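Summary of the model geometry
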Amino acid sequence: MSLSMYYIQENVVVKTALSSYNVLVHILIGMIVGVSLLFGVTKNYNATSVPEDIILLHILLCVPGFTLLMSESIMAMTSYNAWSSILSKTNKRRAHWVIQILASGLGLTGSIIIMSYNDVNFNTSHGQFGLVTLIFTVVNMTLGVASLFSHKLRRFIPPILFKIAHIVLGIITYVSACTCLCLAFNKDMFKIWTNESVAVGVIIIISCVTFLVLINPFTTLCKKIIKIIKVRSENR
């Protein structure tokens, strides 16, 4: 077997593995969103002090926003994502921003709605992480907009620092949102609706999705940090 044929086969294996990984992530995300929405539309919330339509609206906005769209905005930047792989690098960034704006809009609206109706919201871990997610979402979006104009600020701050900060804050925001969702599924309300084993299973799936989605951002972050270190070492 020639060396060139070996590389071709290796590339095919890698592409197949990455495509399978991408399909797996989307299936898991679909399961999480499906279970969340099913719980939202079928659960009786009479035991809570918050109106049922507000809780339902909170779920219908936050889960698709923070779980589905935010995951898709991150995956859009990868080379092996099914729907964005055919896009150019510029169009991938545009798609990332459009989806991220939609995700943030839905998530922030859903968070603000429930916070305005629930006086004891911040006394729970779910509410506290929700607030953290809300704050980091706003900060990350602001920094992301600033990074679009980073070339104009090149004299003061290297553009790569804007990008690194955006990636770091994006990772923190996504982890916080997924943690918030795990805490929601850990509530007795959800365990009673299904059972404790299902709740644990869903939490494990969310943890797996969080890890899988963040592989590419972590890889990109490491590459940019290494690039900075190399540039500095060369300038010495």
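Let us look at the structure shown here. None of these values were measured; they are calculated from a predicted model.

1. Some remarks on the environment of Trp-83
The topology assignment puts Trp-83 in the loop between helix 2 (52-75) and helix 3 (89-117). Judged by relative accessible area, which is 35%, Trp-83 ranks as partly exposed. Separated by 11 residues in the primary sequence, Trp-83 and Glu-72 have C-alpha atoms spaced 9.9 Å apart. Beyond its immediate chain neighbours, meaning those up to four positions away, Trp-83 contacts Glu-72, Ala-76, Ala-95 and Ile-99. At 2.7 Å, the side chain of Trp-83 forms a polar contact with the side chain of Glu-72.

2. Section: the side chain of Ser-36
When you line up the elements, Ser-36 lands in helix 1 (residues 3-42). Residue classification places Ser-36 among the buried positions, given a relative accessible area of 4%. With residues up to four places along the chain from it excluded, the contact list for Ser-36 reads Ile-59, Val-63, Leu-181 and Phe-185.

3. Structural notes on the environment of Val-213
As for its placement among the helices and strands, Val-213 is situated in helix 7 (residues 196-213). A C-alpha to C-alpha distance of 7.3 Å links Val-213 and Val-25, two positions 188 residues apart in sequence. Excluding anything up to four places from it in sequence, Val-213 contacts Tyr-21, Val-25, Ser-71, Ile-74, Met-75 and Tyr-174.

4. Some details on the packing of helix 5 (residues 159-185) against helix 7
Running from N to C, helix 5 and helix 7 point in directions that differ by 175°, and their axes come no closer than 9 Å. In terms of orientation, helix 5 and helix 7 fall into the roughly antiparallel class. Facing helix 5, whose interface residues are Tyr-174, Val-175, Cys-178, Leu-181, Cys-182 and Phe-185, helix 7 presents Ala-199, Val-202, Ile-203, Ile-206, Ser-207, Val-209, Thr-210 and Val-213. Its residues assigned to classes, the contact of helix 5 with helix 7 comprises 12 nonpolar, two polar and no charged.

Rules and cut-offs
- Residues numbered from 1 in each chain as written.
- Predicted model: local features only at pLDDT ≥ 70, side-chain atom pairs only at ≥ 80, totals over all residues.
- Heavy atoms only, no water.
- Helix = DSSP H or I, 4+ residues; strand = E, 2+ residues; numbered from the N terminus.
- Buried < 20%, exposed > 50% of the residue type's maximum accessible area, 1.4 Å probe, protein only.
- Contact = heavy atoms within 4.5 Å.
- Polar contact = N/O pair within 3.5 Å; in protein donor to acceptor, adjacent residues only side chain to side chain.
- Axes fitted to C-alpha atoms, helices over the stretch in contact; angles between N-to-C directions.
- Parallel < 35°, antiparallel > 145°, perpendicular 65-115°, else oblique.
- Nonpolar A, V, L, I, M, F, W, Y, C, P; charged D, E, K, R; others polar.

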